[in-house]
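Survey of secondary and tertiary structure
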Amino acid sequence: MGNGGGTAVVMEGIHASAGALNALFLEEARLDAVTAAGSGPATDSGPAAPAGPAPVVDVLQQKIDNRLERLAVVSRLEAQLAAAKARDAAEILELQHAMTPPNASLQDRSFQEMSIIEEIAGVLTVSSAAAGALISQARQLCSLPVALAALSAGTISWQHAKILADETHSLGAAGAAMVAHFLDADAPHPARGAAPGDLVPSRFRAKVRAWRERHHPESLERRHAKAAADRRMEYSADRDGMAWLSLYLPGDTASAIWNRTTALARGLQGPTESRTLTQLRPDTAASLLLSTPGTRSSSTRGTAHEDAAHANAAPANGNVARLGEVPAPKADVLVTVPVFALLGLTDEPANLDGYGPIPASMARKLVADGATSFHRVLVDPRDGAPLEIGRTSYRLTKAMKQALRLRDEKCTFPGCNNHSLDNESDHLTAWQHGGTTGISNLAQLCPKHHRLKHASGWTPIPAAENEPPGWISPAGRHYKAEHRDWEPPWWPGNPEQLQTVRGGPPCCPPDLAYIGQSPAEDAIDKVLHARP
């Protein structure tokens with residue numbers, strides 16, 4: 001209760017940021033004076049540069065750089081102020097609890113807590129629900145000293161801190177391990193690539209959630225089974241004659257719906273199509289949902305019972321699923337499944353391209369039900385990084401595209417969330433400038449950032465086989481690449497289980513160095529192609 005040392009550190013950081021901001025405003029005043037005088041900036045070695053277009057352009061560039069630096073300092077100051085705000089919100093509640101008599105009834109304690117929450121809501125001019133959420137997040141954050149210290153230093157924003165508070169909730173001791181993984185460079189297995197504060201919050205949440213799914217004390221299988229029971233469709237009327245329709249579905253089904261809708265919408269684009277891709281997606285989805293199989297005219301309408309009966313009627317060719325049955329997704333997405341999870345020996349989560357971790361049972365169903373996107377992917381048993389794409393694809397271009405999708409997962413431009421199905425493969429160094437067609441010279445870019453790369457001063461930093469490229473902005477700012485946090489695969493806990501895969505004596509994890517198919521792959525082939 002109360003932390004004078006912590007508060008002093010926060011205030012010291014706030015004063016330092018305020019001083020840096022003041023210095024930048026003084027620099028701006030100096031540049032204004034230079035512009036007003038109609039000459040270039042003076043130097044220590046001589047008089048001011050003569051007036052002319054070049055010095056004016058130089059001053060304007062310096063003003064842009066100054067404002068960019070001010071934005072960075074203001075962002076750091078906002079984070080430091082947020083740390084002070086969170087600390088105060090959490091400590092106010094602790095002080096209120098300390099003032100409560102030990103023999104106070106539960107009802108009295110509840111009313112006093114409600115009263116102080118309303119007091120905070122009034123001071124901040126927010127709703128009581130928002131004040132309660134702030135206190136909850138603040139208390140969780142204060143229980144994570146490393147995260148609070150990062151926020152106090154301004155290295156992460158309040159949005160990043162809220163993500164850590166939300167995702168560590170109910171994790172117990174694993175919550176501190178998660179924070180150390182992302183914020184402590186001395187942790188046993190620190191996060192790779194760009195620092196958390198350099199990732200946009202949505203990308204940071206994706207990385208944090210992927211870590212959480214693998215390390216949660218309750219298995220993803222059990223959590224998914226509970227969550228799937230809550231699947232639903234929601235409808236909400238909006239203004240201007242519009243409405244929202246949303247679905248809460250298993251991740252593989254939702255991803256397949258999105259991918260199929262996007263593919264169909266792209267197929268409709270052309271010179272005579274005026275609708276954007278964003279408009280075509282909902283139009284395509286509405287057409288699919290409101291159409292029934294068969295030969296009924298779209299101009300006729302029956303009762304809801306008649307429509308359902310017609311949809312349930314088995315078509316002659318047997319290719320249309322009955323109403324209520326969800327077919328296996330057929331969209332071309334990559335499913336990375338650990339070998340032992342595919343065989344049912346572990347519950348290690350798989351990875352669905354464009355979504356993230358999924359339960360092993362979901363991945364096994366995708367493969368068993370004939371998903372066309374299953375590719376054999378070998379991973380390094382030391383760190384879980386992919387080694388190669390399976391030999392099912394002989395054409396080099398296709399194999400390299402799949403490898404790029406595994407490595408990059410999304411558009412590699414800083415802050416972009418566009419996942420691999422919408423992206424284009426681009427040469428980082430153009431072919432005519434000596435660039436090769438190796439994976440180290442390739443990267444995924446969405447159409448928007450592909451055009452920006454060729455039409456502006458944004459320059460990619462060289463990539464590597466397992467590392468996507470970073471970027472340098474026209475202002476000279478460096479943005480490190482976002483790396484996926486590959487982890488070593490899980491091994492079955494029972495040594496006898498390994499014997500069924502290796503066909504030899506149980507002892508240690510199987511040798512993954514081989515020529516041709518490994519024993520594990522032979523076992524997979526037998527499982528997947530066994531006659532019923």
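Look above for the structure.
In short, a report on the structure.

All right, on to the overall build of the chain then. When its secondary structure is counted, the chain shows 18 helices and twelve strands. Looking at the chain as a whole, 36% of its 532 residues are labelled buried. Within the chain, contacts between residues at least 6 apart in sequence are counted, and of these 57% link residues at least 24 apart. Total accessible area computed for the chain in this model is approximately 30,600 Å², and 58% of it derives from carbon and sulfur atoms.

A word on the pattern of salt bridges. Summed over all chains, the structure comprises 21 salt bridges. Note that Arg232 is salt-bridged to Glu234, the shortest N-O span being 2.8 Å. Across the pair Arg407 and Asp408 runs a salt bridge, and its minimum N-O distance is 2.6 Å. Each member of the pair, Arg407 as well as Asp408, carries the same accessibility label: buried. Connected via shared salt-bridge partners are Asp166, Glu167, Arg205, Arg209, Arg212, Glu213 and Arg223.

The side-chain alternation of strand β9 (residues 442–445) yields two buried faces, one formed by Leu442 and Gln444 and the other by Ala443 and Leu445. Note that strand β8 (residues 424–427) and β9 share four bridges and pair antiparallel. Counted as the bridge partner of Asp426 is Ala443 from β9.

This part is about the sheet that holds strand β4 (residues 350–352). Across the sheet, which stays open at both edges, the three strands sit in the order β3-β4-β5 with antiparallel pairing between neighbours. Of all strands in the sheet, those bounded by a partner on one side alone are β3 (335–336) and β5 (356–358). Pairing analysis gives three bridges linking β4 to β5, with the strands arranged antiparallel. Along β5, the bridge assignment pairs Ala350 with Ile358. Helix α14 (residues 360–368) contacts β3, β4 and β5 of the sheet and is inclined by roughly 85° relative to β5.

Here the focus is helix α6 (residues 158–168). Those residues of α6 that fall on the buried side of the exposure criterion are His160, Ala161, Ile163, Leu164, Ala165, Glu167 and Thr168. Turning to α6, the residues buried within the fold contact α4 (128–142), α5 (145–153), α7 (173–183) and α8 (201–215). One or two steps after α6, the chain reaches Ser170, where phi turns positive at roughly 75°.

Disulfides are covalent bonds that link the sulfur atoms of two cysteine residues. A full pass over the atoms with the stated rule returns zero disulfides. Of all cysteine sulfurs in the structure, the one in Cys416 sits closest to Cys411, which takes part in no disulfide; the separation is 3.7 Å. Overall, the relative accessible area of 0% leaves Cys411 in the buried class.

Core analysis: the biggest nonpolar cluster contains 34 residues, and Leu141, Leu151, Leu164, Met178, Phe204 and Val208 have the highest contact counts within it. Of all the elements in the fold, those that place two or more residues in this core are α2 (53–99), α3 (106–124), α4, α5, α6, α7 and α8. Contact partners of Met178, with chain neighbours within four places excluded, come to Leu164, Glu167, Thr168, Leu171, Val208, Trp211 and Arg212. Listed in part, the ten residues of the second largest apolar core include Val337, Leu342, Ala350 and Leu352.

Attention now goes to the packing of α4 against α6. Across the interface, α4 lies against α6 with an axial gap of 9 Å and an inter-helix angle of 80°. By the angle between their directions, the pair α4 and α6 is classed as roughly perpendicular. For the pair α4 and α6, contact is made by Leu134, Gln137, Gln140 and Leu141 and by Trp158, Ala161, Lys162, Ala165, Asp166 and Thr168, respectively. For the contact of α4 with α6, a count of residues per class yields five nonpolar, three polar and two charged.

Moving on, we get to α5. Considered for burial, the residues of α5 that qualify are Ala147, Leu148, Ala150, Leu151 and Ser152. Where α5 terminates, the next one or two residues include Gly154, which has phi positive at roughly 80°.

Backbone geometry places Ser170, a non-glycine residue, at a positive phi of 75°. For Ser170, a relative accessible area of 48% gives the class partly exposed. Positive phi, normally seen in glycine, also occurs at Glu409, with a value near 70°.

What follows deals with the sheet that holds strand β12 (residues 478–479). Pairing is antiparallel in the open sheet, where three strands are placed in the order β10-β11-β12. Where the open sheet ends on each side, the last strands, each with one partner, are β10 (459–460) and β12. Pairing between β10 and strand β11 (residues 471–472): two bridges, direction antiparallel. By the bridge assignment, Thr459 is partnered in β11 with Ile472.

Next up on the list: a nonpolar patch on the surface. On the surface, Met233, Tyr235, Leu245, Leu247, Leu249, Ile257, Leu289 and Leu290 cluster together to form a nonpolar patch covering roughly 880 Å² of accessible area. For the nonpolar patch, the secondary-structure elements that each account for two or more residues are β1 (232–237), β2 (243–248) and α11 (277–290). If you trace the backbone, Ile257 turns up in helix α10 (residues 251–268).

Tracing the chain through its elements places Pro217 in the loop between α8 and α9 (220–228). On the accessibility criterion, Pro217 (61% relative accessible area) is exposed. C-alpha of Pro217 to C-alpha of Ala173: the two residues are 44 residues apart in sequence and 9.3 Å apart in space.

This brings us to the pairing of β2. Remark: a regular strand shows side chains that alternate across the two faces of the sheet. Sheet analysis places β1 next to β2, joined by six bridges and oriented antiparallel. Across the sheet, residue Ser236 finds its bridge partner in β2, namely Trp244. Between the end of β1 and the start of β2, which pair antiparallel, lie five residues, with Asp240 showing a positive phi angle near 60°.

Thresholds, definitions, all that
Residues numbered from 1 in each chain as written. Predicted model: local features only at pLDDT ≥ 70, side-chain atom pairs only at ≥ 80, totals over all residues. Heavy atoms only, no water. Helix = DSSP H or I, 4+ residues; strand = E, 2+ residues; numbered from the N terminus. Buried < 20%, exposed > 50% of the residue type's maximum accessible area, 1.4 Å probe, protein only. Contact = heavy atoms within 4.5 Å. Areas by Shrake-Rupley, 256 points an atom, 1.4 Å probe, with all protein chains shown as cover. Salt bridge = Lys/Arg side-chain N within 4 Å of Asp/Glu carboxyl O. Pairing = 2+ DSSP bridges. Axes fitted to C-alpha atoms, helices over the stretch in contact; angles between N-to-C directions. Disulfide = S-S within 2.5 Å. Core = buried A, V, L, I, M, F, W, Y, C linked by side-chain atoms within 4.5 Å. Parallel < 35°, antiparallel > 145°, perpendicular 65-115°, else oblique. Nonpolar A, V, L, I, M, F, W, Y, C, P; charged D, E, K, R; others polar. Patch = residues over 30% accessible without salt bridge, like charges linked within 9 Å, V, L, I, M, F, W, Y side chains within 5 Å.

No statement about biological role is implied by the geometric values presented.
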